[in-house]
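Read off the chains here:
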Amino acid sequence: MDQSQANAKVVVDGNTFELPVIIGTEGERGIDISKLRSLTNYVTFDHGFGNTSNCASAITFLDGESGVLRYRGYPIEQLAEQSSFIETAYLLIYGELPNSDQLRHFSESFTEHSMLHEDMKNFFDGYPSTAHPMAILASMVCSLSAYYPGIDMLNPTKEDFDRIVVMLMSKVRTIVAFAHKKSLGQPFVYPRHDLEYIPNFLNMLFSSPTHQYKIYDEVVQALKVLFILHADHEQNCSTSTVRLVGSSWANLYASITAGICALWGPLHGGANEEVIMMLEQMYREGGDVDKYISMAKDKSSRFRLMGFGHRVYKSYDPRAKIIKKSAHDLLKKLGIHDPLLEIAVKLEEKALADPYFIERNLYPNVDFYSGIIYKAIGIPMNMFTVMFAIARLPGWIAHWKEMMESPGAKIGRPRQIYVGMNKRDYVPITKR
Ligand code: ACO
């Protein structure tokens with residue numbers, strides 16, 4: 001980050017104040033308002049943080065106007081095609097692509113830490129079989145801090161931090177698979193040492209004492225692409241939550257738990273589940289997409305086209321482009337005909353030609369086609385958002401690490417404009 005020579009000028013109550021301008025490595029410019037209140041006694045008002053940068057970050061670059069997404073400088077298209085999820089996770093967290101020794105060591109550590117503490121298995125007994133997997137995941141991740149303590153969270157050694165990273169990423173996968181088994185009433189399938197990250201996960205999800213799940217390369221590849229594309233997305237709602245919670249020096253498990261809860265919302269990661277529910281409803285009603293487009297445009301209804309629109313992308317989400325192609329490829333390879341894909345394509349075509357969506361730059365986002373892939377793999381709908389959470393973990397960890405290591409980091413504490421009652425005196429209940 002550069003401090004620009006130029007300053008911005010703000011005129012408040014007739015007085016002019018100069019504020020520094022900072023410039024990012026891709027030329028993005030920001031006005032540093034951190035001294036605004038002490039200089040002027042004014043704060044800024046920015047609903048939903050649409051114009052506010054809370055930090056400088058070197059992890060992910062996103063240009064929403066041009067549809068560009070890069071992790072640590074590497075285009076997302078190249079990573080999705082050529083990298084693995086584990087390698088991309090390493091890149092996001094540690095800043096550089098690993099060499100072969102680093103990658104081997106990193107991958108082996110996942111295997112070493114894939115088991116859950118046996119006592120934690122008992123937790124699953126307490127949940128009803130209908131429990132949403134996001135509820136289970138959030139509480140189990142927070143509970144991990146009770147089972148695997150012994151790390152100085154404020155100042156972890158490099159070894160401790162490395163251990164915590166692989167523990168989290170590896171165990172989260174086991175928790176999600178166990179949550180699925182719990183919902184089916186089936187025995188848990190333990191992680192295997194001979195399988196890599198994604199095949200191991202698929203085996204825990206779908207094998208049983210009476211059935212050995214066959215792991216198809218096409219499925220592993222499709223899941224790998226999805227995981228890489230979801231791995232980070234700079235200051236989105238859940239990542240900002242992880243940073244905000246972590247800024248109080250809450251431990252990494254607690255901060256990630258908060259991120260999981262933020263991701264659950266249907267306007268964020270929960271949209272992937274909502275999209276399939278919406279497409280299924282359209283299918284049941286005969287595939288009339290026009291009705292839903294009209295509903296989405298009707299300001300008197302709260303209905304939105306799920307999987308459409310984005311705070312930052314004002315052009316086609318580059319992740320959605322890859323996922324759409326991946327969905328077509330996977331269904332073809334598996335010989336699956338899913339009418340929901342046809343409806344989704346039809347809906348996209350109609351929406352992209354509609355003035356309402358054109359004027360507002362509303363395009364399919366990452367969640368629009370991902371559910372079709374999960375569905376084809378056999379992952380139930382209520383598991384879609386936990387799949388997102390597994391994939392987003394490296395990004396959350398990378399941001400927590402970056403924030404903790406940043407010299408100027410402060411506790412996150414926004415201001416407000418108070419619009420409530422002015423001072424008034426208390427009235428005892430007998431006189432009200
Ligand atoms: N369907 C219909 N109208 C929409 C949609 C949509 N999906 N998304 C935005 N709009 C409209 C808004 O009503 C608003 O219209 P107006 O200018 O007439 O008031 C305009 O487009 C701008 O929308 P905002 O809500 O101001 O945009 P914001 O950046 O706050 O919201 C969001 C972004 C939450 C993603 C929104 O587009 C949305 O709700 N989409 C559907 C849910 C979804 O798919 N979420 C996943 C996002 S990706 C992710 O988080 C992983």
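Since this is a predicted model, take the numbers as computed values, not measurements.

Visitor: Got a minute to help me understand the sheet that holds strand β4 (residues 60–63) in this structure?
Guide: In space, the three strands of this open sheet follow the order β4-β5-β6, with antiparallel pairing throughout. Of all the strands in the sheet, the pair left with one neighbour each is β4 and β6 (74–75). Bridge count between strand β5 (residues 68–71) and β6: two bridges; the pairing is antiparallel. Residue pairing for β6: tyrosine 71 is matched across the bridge by tyrosine 74.

Visitor: How should I be thinking about the packing of aromatic side chains in this particular structure?
Guide: Two aromatic rings, taken as a pair, are described by how far apart their centres are and by the angle between their planes. Counted according to the given criterion, the structure contains 21 aromatic pairs. Seen from their ring centres, phenylalanine 110 and tyrosine 197 are 5.5 Å apart, and the 90° between their planes marks the pair as edge-to-face. Placement of the pair is phenylalanine 110 in helix α4 (residues 100–112) and tyrosine 197 in helix α8 (residues 197–206), with a sequence separation of 87 residues. A relative accessible area of 3% places phenylalanine 110 in the buried class. Ring geometry for phenylalanine 308 and phenylalanine 357: centres 5.8 Å apart, planes at 75°, overall edge-to-face. One end of the pair, phenylalanine 308, is in the loop between α13 (289–297) and α14 (318–334); the other, phenylalanine 357, is in helix α16 (residues 355–359), with 49 residues separating them in the sequence. Aromatic ring contacts, followed pair by pair, group Phe85, Tyr90, Tyr94, Phe106, Phe110, Phe161, Tyr197 and Phe227 into a single cluster.

Visitor: Where do I start with the domain arrangement of the protein chain in this structure?
Guide: Accessible area lost during the coming together of the parts is what is often quoted as the interface size. We note that the domain assignment places domain 1 (2–63), domain 2 (76–268 + 393–405) and domain 3 (276–377) within the protein chain. In this assembly, seven residues from domain 1 lie in contact with nine residues from domain 2. Contact with domain 2 buries surface across domain 1, with Ile59, Thr60 and Leu62 losing the most and accounting together for 67% of the total. For the interface between domain 1 and domain 2, the tally reads three residue pairs in polar contact (both at pLDDT 80 or more).

Visitor: Would you explain the pairing of β4 in this entry?
Guide: Two elements, β4 and β5, share four bridges in a ladder whose sense is antiparallel. Directly across from threonine 60, in β5, lies its bridge partner tyrosine 71. Between β4 and the antiparallel strand that follows it, β5, lie four residues; glycine 67 among them carries a positive phi value of about 70°.

Visitor: Looking at this structure, I do not really get the nonpolar core. What am I missing?
Guide: Generally speaking, soluble globular proteins have nonpolar side chains that are buried together. With 120 residues, the main nonpolar core has Phe227, Leu279 and Ile397 as its most contacted residues. For this core, the element with the highest residue contribution is helix α7 (residues 158–184), accounting for 13 residues. Residues lining this core come from more than one domain, with at least three contributed by each of domain 2 (76–268 + 393–405) and domain 3 (276–377). Ignoring anything within four residues of it in the chain, the contact list for phenylalanine 227 reads Phe85, Tyr197, Ile198, Phe201, Met387, Ile390 and Ala391.

Visitor: Is there a simple way to think about the pattern of salt bridges in this case?
Guide: Oppositely charged side chains may form a pair once their charged atoms are brought near each other. Tallying each qualifying case throughout the model produces 18 salt bridges. Glutamate 18 is the salt-bridge partner of lysine 9, the closest N and O atoms lying 3.7 Å from each other. Since its relative accessible area comes to 43%, glutamate 18 is described here as partly exposed.

Visitor: Please explain α14 as it appears in this structure.
Guide: Each α-helix turn comprises 3.6 residues. Residues three or four places apart therefore point the same way. Taking 1.5 Å of rise per residue, 17 residues should cover 24 Å, and α14 covers 25 Å from first to last C-alpha, within 8% of that figure. Of all the residues in α14, the buried ones are Pro318, Arg319, Ala320, Ile323, Ser326, Ala327, Leu330 and Leu331. Each element contacted by the buried residues of α14 is listed here: β5, α2 (76–82), α9 (217–230), α15 (339–352), α17 (367–377) and α18 (384–405). Of the residues one or two after α14, glycine 335 is the one with positive phi, at around 65°.

Visitor: Teacher, can you tell me more about the pairing of strand β2 (residues 15–23) here?
Guide: Residues in a regular strand project their side chains so that they alternate between the two faces of the sheet. In the sheet, β2 pairs with strand β3 (residues 29–31) via three bridges, with the strands oriented antiparallel. Considered in β3, the bridge of isoleucine 23 is made with arginine 29. Between β2 and β3, which pair antiparallel in sequence order, lie five residues; one of them, glycine 27, sits at a positive phi of approximately 85°.

Visitor: Help me understand a nonpolar patch on the surface, please; the structure alone is not making it clear to me.
Guide: There is a patch of nonpolar side chains on the surface, built from Phe45, Ile417 and Val419 and spanning about 370 Å² of accessible area. Among the residues examined, phenylalanine 45 registers a relative accessible area of 63% and is labelled exposed.

Visitor: What is the right way to look at the site of the ligand in this model?
Guide: Close contacts around the ligand come from 21 residues, with Leu267, His268, Arg304, Leu305 and Arg311 the closest. One of the side-chain nitrogen or oxygen atoms of histidine 268 is found 2.7 Å away from an oxygen atom of the ligand. Arginine 311 has a polar side-chain atom sitting 2.7 Å from an oxygen atom of the ligand. For the ligand, whose accessible area on its own is 920 Å², the fraction buried by protein is 75%.

Visitor: Would you mind going over the side chain of asparagine 365 with me for this structure?
Guide: Along the chain, asparagine 365 turns up in the loop between α16 and α17. Judged by relative accessible area, which is 9%, asparagine 365 ranks as buried. Only 2.9 Å separates the side chain of asparagine 365 from the backbone oxygen of glycine 309, close enough to count as a polar contact. A distance of 2.9 Å separates the side chain of asparagine 365 from the backbone nitrogen of aspartate 367, its partner in a polar contact.

Visitor: Any chance you could explain unusual backbone geometry here in plain terms?
Guide: Even without being glycine, asparagine 41 reaches a positive phi, approximately 70°. Positive phi, normally seen in glycine, also occurs at glutamate 234, with a value near 40°.

Visitor: Quick question: what am I supposed to make of the packing of helix α3 (residues 85–94) against α7 here?
Guide: Two quantities define a packed helix pair, namely the angle between the axes and the distance from one axis to the other. Their axes nearest at 13 Å, the elements α3 and α7 cross at an angle of 140°. For the element pair α3 / α7, the angle class is oblique. Of the two elements, α3 crosses α7, and the hand of that crossing is right-handed. Judged by residue contacts, Phe85, Ala89, Ile93 and Tyr94 of α3 engage Lys158, Phe161, Asp162, Val165 and Met169 from α7.

Criteria and cut-off values
- Residues numbered from 1 in each chain as written.
- Predicted model: local features only at pLDDT ≥ 70, side-chain atom pairs only at ≥ 80, totals over all residues.
- Heavy atoms only, no water.
- Pairing = 2+ DSSP bridges.
- Helix = DSSP H or I, 4+ residues; strand = E, 2+ residues; numbered from the N terminus.
- Phe/Tyr/Trp six-rings, centres within 6.5 Å; stacked < 30°, edge-to-face > 60°.
- Buried < 20%, exposed > 50% of the residue type's maximum accessible area, 1.4 Å probe, protein only.
- Domains from an automatic or database assignment.
- Contact = heavy atoms within 4.5 Å.
- Buried area = accessible area lost by both parts, 1.4 Å probe.
- Polar contact = N/O pair within 3.5 Å; in protein donor to acceptor, adjacent residues only side chain to side chain.
- Core = buried A, V, L, I, M, F, W, Y, C linked by side-chain atoms within 4.5 Å.
- Salt bridge = Lys/Arg side-chain N within 4 Å of Asp/Glu carboxyl O.
- Expected span 1.5 Å × (residues − 1).
- Patch = residues over 30% accessible without salt bridge, like charges linked within 9 Å, V, L, I, M, F, W, Y side chains within 5 Å.
- Areas by Shrake-Rupley, 256 points an atom, 1.4 Å probe, with all protein chains shown as cover.
- Near = heavy atom within 4 Å.
- Axes fitted to C-alpha atoms, helices over the stretch in contact; angles between N-to-C directions.
- Parallel < 35°, antiparallel > 145°, perpendicular 65-115°, else oblique.
- Left-handed = near helix turned anticlockwise from the far one by under 90°.

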